[in-house]
Amino acid sequence: MSQHPLIDIQGLQVSYRVGGQFVPAVKGLSFSLVQGETVAIVGESGSGKSTLANTLLGLLPENARICGGSVRVDGLDVSRASERQKRQLRGRTIGLVPQDPLVSLNPTLRVGQQIGEALVLARGRRYPAIDADILELLEQVGLDKPELRARQYPHELSGGMRQRVLIAIALAGDPRLIIADEPTSALDVTVQRRILDHLQRLVSERGISLLIITHDLGMATDRADRLLVMKQGELVEQGPPRQILEAAQHAYTRALIGAAPAFASRRPSRPLKASTGQAILTLKDVGKTFALPPTKGSDSHFVALENLDLQVFPGQTLAIVGESGSGKSTALRIALGLDKPTHGRVLFEQQDITDLSWREFRPLRRRMQLVQQNPFGALDPRFTVFDSIVEPLVSFGLAKGAALEQAARELIGRVHLPVGYLDRLPRELSGGQRQRVAIARALALQPDLLLLDEPVSALDVSVQAQILALLEELQRDLGVAYVLVSHDLSVVANMADQVLVLRQGRVVEHGLVDQVFGRPQSEYTRELIEAIPGRKAAA
């Protein structure tokens, strides 16, 4: 390793102008990173992580300014550099792997064209071997059939493939540092592991540095040589992962570790049958096949689910896990009556509801409700919190006037939000607060079953812990049953009573959470469990 730091930050202060005042985002930050080192910056939303990344890249917005300190990248003080110097830094010295590949890639350009653009920017001109270099980069990031991938558009690739394309673009300028900004937050656990393994292998082979920006403490402890913990713009702790896990000095770091599902002790499984012994939801031999547009040489049908059997009991949680395309969401839609199975039966408290019409199914919607993945997308931006929470009661004509007011107050109290929030709009709430509103709305009709579709995947780790604790409290108090769909096996291990593992529409394992996590029978399940972030550090 070089003795001279590649990044050297001393006393950095960054503020944003908001409403005529400057609000500090980074406060007196100092740290360095040497060639070949992997450093992870961990913190929640608003901790200053992304502001730091934008400062290093010279991409701070117009309403931001560096108020003090110095930021040196490969000897250049970015805070005083010209725009031309910053442009030379980007791509050649620093490569960026952004968080969301669908947003970061141009949907109108083929993958090869976008990598070619990065190569031209890095070299300053188009050159004869550019096509060969595009294919070589696609090979380096582990994409099969590079000639085919270069001709495809982003929407034709999976999430993991798109993330690899972003890594190829970051590597195009042969940088000395890669900044990975939440590089795997939207990916399945096995895809996440493959992406990070590959990124670290490339870093090792090229001898370059890696700066990981994440709120996933488990992933950070597995991957980094050193952790930096940030809170509200300040660096509160830094050191080797093992040291921080075993002897964290700051209360905030200890709270983060305590909130991380990867480091929590798994709760023991409860007996499967509730006191009634009767399942609230049953799927028997359910299959779903979708017709595909006719294409020469390809199948005309896609099997999304095959021979799915499951039972959910009152007051208990069934988790459905699996990678994208495994059939999890299809199973939820069939349970909700939004899709009809191609074969098999769906029973709600022993009543066959498979062939009910929309009108016949409507009364049952009072008994089962959905909590969606993205609370901002699930709430009408024009509705106040009050309007959102009481909407189901109004729709079913169950309350009006003073009774509606009282119901809203009780529901918002149930999810531990102040009554004053009833007058707010969704944009005035944090992600965790919006998810609490979505849960309150789902509880309005006093359902017996909640279907939870990735309910905490978009939230910071401590907010995740609060929402999961709330869901456990509601289940304990109300006896509501949950079907939890999640790709985060740490969450599943701490919340579920039984686990069903799906792969390409087929059940590969089903049993009590202790059995599945403690003695997995399927090689695929073992692979999923091995890929859980934080397992190395927690071992």
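Small disclaimer: the values here were computed from a predicted structure and weren't measured.

Moving on to the overall build of the chain. Of regular secondary structure, the chain possesses 22 helices and 20 strands. For 539 residues, the compact-globule formula gives about 24 Å, and the C-alpha radius of gyration of the chain, at 25 Å, lands near that figure. Taken over the C-alpha atoms alone, the chain extends approximately 70 × 60 × 45 Å along its principal axes. Considering the chain as a whole, with its 539 residues, one finds that 53% of them fall into the buried category. Just so you have it, the chain exposes about 24,500 Å², and 48% of that area is on carbon and sulfur atoms. A distance of 3 Å separates the average location of the 62 positive side-chain charges in the chain from that of its 59 negative side-chain charges.

Moving on, we get to the confidence of the model for the chain. Per-chain confidence: the chain averages 87 in pLDDT, with 94% of residues scoring 70 or above. Considering each helix and strand of the chain separately, the mean pLDDT is smallest for helix α22 (residues 535–538), with a value of 58, and largest for strand β14 (residues 343–348), with 95.

Turning our attention to the sheet that holds strand β10 (residues 234–239). With mixed pairing, six strands are arranged side by side in an open sheet as β6-β7-β8-β3-β9-β10. Each edge of the open sheet carries a strand with a single partner, namely β6 (94–97) and β10. Averaged over all pairs of adjacent strands, the angle between their axes in this sheet comes to 20°, without regard to strand direction. Here strand β3 (residues 38–42) runs beside strand β8 (residues 209–214); their pairing, made up of five bridges, is parallel. Across the sheet, Ala 40 pairs through a bridge with Ile 212, a residue of β8. The sheet strands contacting helix α11 (residues 251–259) are β3, β9 (226–231) and β10, and the helix crosses β9 at an angle near 105°.

Let us now look at the pairing of β3. For β3, a buried count of five out of five residues is recorded, marking the element as mostly surrounded by other parts of the structure. Side chains of β3 alternate between two faces, with Thr 38, Ala 40 and Val 42 and Val 39 and Ile 41 buried alike. Pairing of β3 with β9 involves four bridges; the strand directions are parallel. Residue pairing for β9: Ile 41 is matched across the bridge by Leu 228.

A few words now on the packing of aromatic side chains. Applying the stated criterion to the full structure yields zero aromatic pairs. The aromatic ring of Phe 22 is capped on one face by Arg 65, whose charged end is 3.8 Å from the ring centroid. Here the guanidinium or amino end of Arg 424 rests over the ring plane of Tyr 421, the centre of that ring lying 3.9 Å away.

Take the nonpolar core next. One recurring pattern in soluble globular proteins is that nonpolar side chains are buried together. Residues Ile 439, Val 499 and Phe 517 are the most contacted members of the largest nonpolar core, which totals 56 residues. The biggest single contributor to this core is helix α18 (residues 461–478), with six residues. Discounting residues that sit within four places of it in the chain, Ile 439 has contacts with Val 371, Val 415, Ile 467, Leu 470, Leu 471 and Leu 474. By size, the runner-up hydrophobic cluster in this structure holds 51 residues, among which are Leu 143, Ala 170, Leu 217 and Val 229.

Let us look at the layout of surface pockets. For the second largest pocket, the calculated volume is near 700 Å³. Of all the secondary-structure elements, those providing two or more residues to the lining of the second largest pocket are α2 (83–89), β6, α4 (111–123) and α7 (159–171). Here the lining of the second largest pocket is built from residues that sort into 13 nonpolar, seven polar and five charged.

The geometry of α4 relative to α7 is characterised by a closest axis approach of 8 Å and an angle of 25° between their N-to-C directions. Here α7 runs roughly parallel to α4, going by the angle between their axes. In this structure, the crossing between α4 and α7 has a hand that is right-handed. Across the interface between the two elements, Val 111, Gln 114, Ile 115 and Ala 118 of α4 pack against Val 165, Ala 168 and Ile 169 of α7. Residue composition of the contact of α4 with α7, grouped by class: six nonpolar, one polar and no charged.

Within a sheet, each strand pairs with its neighbour through backbone hydrogen bonds, oriented either parallel or antiparallel. Read across the open sheet, the six strands follow the order β16-β17-β18-β13-β19-β20; overall the sheet is mixed. Each edge of the open sheet is held by one strand with a lone partner, namely β16 (368–371) and β20 (506–512). Within this sheet the neighbouring strands show an average axis-to-axis angle of 15°, counted without direction. When strand β19 (residues 498–503) meets β20, the two strands line up antiparallel, connected through six bridges. Paired with Leu 502 across the strands is Val 507, a residue of β20. α18 contacts β13 (317–321), β17 (449–453) and β18 (481–485) of the sheet and is inclined by roughly 155° relative to β18. Here helix α21 (residues 523–530) sits on the sheet and contacts β19 and β20; the angle it forms with β19, its principal contact strand, is near 105°.

Before going further, it helps to spend a moment on empty space enclosed by the protein. Counted by the stated rule, this structure contains four cavities of 30 Å³ or more. Roughly 430 Å³ of volume is contained in the largest cavity. Around the largest cavity sit 31 residues that line it, and Gln 192, His 215, Asp 216, Gln 464 and Asp 488 are the ones nearest its centre. Of all elements in the fold, only α8 (189–206), α9 (217–223), α18 and α19 (489–495) reach the threshold of two or more residues within the lining of the largest cavity.

Now for the environment of Glu 473. For Glu 473, the location among the structural elements is in helix α18. Residues Glu 473 and Val 415, spaced 58 residues apart in sequence, show a C-alpha to C-alpha distance of 9.6 Å.

The rules behind these values
- Residues numbered from 1 in each chain as written.
- Predicted model: local features only at pLDDT ≥ 70, side-chain atom pairs only at ≥ 80, totals over all residues.
- Heavy atoms only, no water.
- Helix = DSSP H or I, 4+ residues; strand = E, 2+ residues; numbered from the N terminus.
- Rg over C-alpha atoms; globule rule 2.2 N^0.38 Å.
- Buried < 20%, exposed > 50% of the residue type's maximum accessible area, 1.4 Å probe, protein only.
- Areas by Shrake-Rupley, 256 points an atom, 1.4 Å probe, with all protein chains shown as cover.
- Lys, Arg positive; Asp, Glu negative; His and termini not counted.
- Charge placed at Lys NZ, Arg CZ, Asp CG, Glu CD.
- pLDDT = per-residue confidence, 0-100.
- Pairing = 2+ DSSP bridges.
- Axes fitted to C-alpha atoms, helices over the stretch in contact; angles between N-to-C directions.
- Contact = heavy atoms within 4.5 Å.
- Phe/Tyr/Trp six-rings, centres within 6.5 Å; stacked < 30°, edge-to-face > 60°.
- Lys NZ or Arg CZ within 6 Å of the ring centre and 35° of its normal.
- Core = buried A, V, L, I, M, F, W, Y, C linked by side-chain atoms within 4.5 Å.
- 1 Å grid on protein atoms, 1.4 Å probe; cavity = no way out; pocket = protein on both sides within 12 Å on 5 of 7 lines; lining within 4 Å.
- Points joined across faces, edges and corners; volume = space filled by probe spheres on them.
- Nonpolar A, V, L, I, M, F, W, Y, C, P; charged D, E, K, R; others polar.
- Parallel < 35°, antiparallel > 145°, perpendicular 65-115°, else oblique.
- Left-handed = near helix turned anticlockwise from the far one by under 90°.

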